[in-house]
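Listed here are the chains, written in short residue letters.
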Amino acid sequence: DAGITQSPRYKITETGRQVTLMCHQTWSHSYMFWYRQDLGHGLRLIYYSAAADITDKGEVSDGYVVSRSKTENFPLTLESATRSQTSVYFCASSESFNNSPLHFGNGTRLTVT
Amino acid sequence: TQLLEQSPQFLSIQEGENLTVYCNSSSVFSSLQWYRQEPGEGPVLLVTVVTGGEVKKLKRLTFQFGDARKDSSLHITAAQPGDTGLYLCAGAHAGGATNKLIFGTGTLLAVQP
């Protein structure tokens, strides 16, 4: 089915471990985004990508790394997880860059112990 | 950090009641989007407003963009249990660039049957 899929849905990891969250979209949208959602903060942009091999930092990028070797995939890696990175992570895509709706996945709930 | 303040943060009402959710900022936005998020899912776009004073209707939902493009409101008439969810506003700067979206902290609405 067309859409945006995130995996895993739930992940528990330990402090200091590397963890990768996956995001796959079937719309061939150029733009992809990673947000984290925390109580009291709303959604905050971690990284975004305008096309394959083009990525840029968002508001809260420290401690995260992304890649985009293919248009449809946009994995997010936490290089050395910290408790402050416990959050719900959402991947999103959009067709264009201005006033374009974001299409979100169903999120990954990450707990760092 | 520019903020979008939403009020109220929580709202619990009975089916059939009317309600208004507010989204306020000291910043001027080129456009503003409203999303609804249900538990365990990502946000879904409801509407985008781009012109100061603009009013858009989506069935029982009425969205208004402030004349100065610093605030917006969402009014729901005769709320139904299916309206339950987290309502998020998101303002865009710089010509509506999606990477410049600032999300509000959300209003959690519960409509009791």
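Residues numbered from 1 in each chain as written. Chains lettered and ligands numbered in written order. Predicted model: local features only at pLDDT ≥ 70, side-chain atom pairs only at ≥ 80, totals over all residues. Heavy atoms only, no water.

Asks: Looking at this structure, I do not really get unusual backbone geometry. What am I missing?
Replies: Of all residues except glycine, most have a negative phi; of all peptide bonds, most are trans. Residue proline 8 of chain A is reached from serine 7 of chain A by a cis peptide bond, and omega for that bond is -5°. The residue after serine 7 of chain B, namely proline 8 of chain B, is reached through a cis peptide bond having omega -10°. Topologically, proline 8 of chain B is positioned in the loop between strand 1 (5-7) and strand 2 (10-14). Look at arginine 69 of chain B: it is not a glycine, yet its phi comes out positive at around 60°. Residue position: arginine 69 of chain B is located in the loop between strand 7 (61-65) and strand 8 (71-76). (Helix = DSSP H or I, 4+ residues; strand = E, 2+ residues; numbered from the N terminus.)

Asks: When you look at the nonpolar core in this model, what are you seeing that I'm missing?
Replies: When a protein is soluble and globular, its nonpolar side chains tend to lie buried together. Core analysis: the largest hydrophobic core is formed by 21 residues, its most contacted members being Leu19, Leu32, Trp34, Phe63, Leu74, Ile76 and Leu109 of chain B. The set of elements that each furnish at least two residues to this core consists of strand 3 (19-24), strand 4 (31-37), strand 5 (44-49), strand 7, strand 8, strand 9 (85-92) and strand 11 (107-112) of chain B. (Core = buried A, V, L, I, M, F, W, Y, C linked by side-chain atoms within 4.5 Å. Buried < 20%, exposed > 50% of the residue type's maximum accessible area, 1.4 Å probe, protein only.)

Asks: What is the right way to look at the pattern of salt bridges in this model?
Replies: A side chain with one charge may pair with a side chain of the opposite charge, provided their charged atoms come close. Using the criterion set out here, one finds 5 salt bridges over all chains in the structure. Its salt-bridge partner being glutamate 14 of chain A, residue arginine 17 of chain A comes within 3.5 Å of it at the nearest N-O pair. Two residues, arginine 60 of chain B and aspartate 83 of chain B, come together in a salt bridge whose shortest N-O distance is 2.9 Å. Pair noted here: arginine 60 of chain B is in the loop between strand 6 (55-58) and strand 7 and aspartate 83 of chain B is in the loop between strand 8 and strand 9, with a separation of 23 residues, a long-range link. (Salt bridge = Lys/Arg side-chain N within 4 Å of Asp/Glu carboxyl O.)

Asks: Sorry if this is basic, but what is going on with the pairing of strand 3 of chain B here?
Replies: For a regular strand, side chains alternate in direction, first toward one face of the sheet and then toward the other. All names here are of chain B. Of the two faces of strand 3, only one is covered, namely that formed by Leu19, Val21 and Cys23; the face formed by Thr20, Tyr22 and Asn24 stays uncovered. Looking at chain direction, strand 1 and strand 3 are connected through 3 bridges and run antiparallel. By the bridge assignment for strand 3, glutamate 5 is matched with asparagine 24. Two elements, strand 3 and strand 8, share 6 bridges in a ladder whose sense is antiparallel. If you follow valine 21 over to strand 8, its bridge partner there is leucine 74. (Pairing = 2+ DSSP bridges.)

Asks: Looking at this model, I keep getting lost on the layout of surface pockets. Mind explaining?
Replies: Over the atoms rolls a probe the size of a water molecule, and its path tells where empty space is left. Of the voids in this model, the largest pocket is the one considered here, and its volume is about 640 Å³. Lining of the largest pocket is provided by 26 residues; of these, Gln37, Leu39 and Arg109 of chain A together with Gln37 and Leu86 of chain B occupy positions nearest its centre. When residues of the lining of the largest pocket are traced back to their parent elements, those giving at least two are strand 4 (31-38), strand 9 (87-94) and strand 11 (108-112) of chain A together with strand 9 of chain B. Tallying contributions element by element places strand 9 of chain A first for the lining of the largest pocket, with 3 residues. The residue makeup of the lining of the largest pocket, split by class, is 8 nonpolar, 13 polar and 5 charged. (1 Å grid on protein atoms, 1.4 Å probe; cavity = no way out; pocket = protein on both sides within 12 Å on 5 of 7 lines; lining within 4 Å. Points joined across faces, edges and corners; volume = space filled by probe spheres on them. Nonpolar A, V, L, I, M, F, W, Y, C, P; charged D, E, K, R; others polar.)

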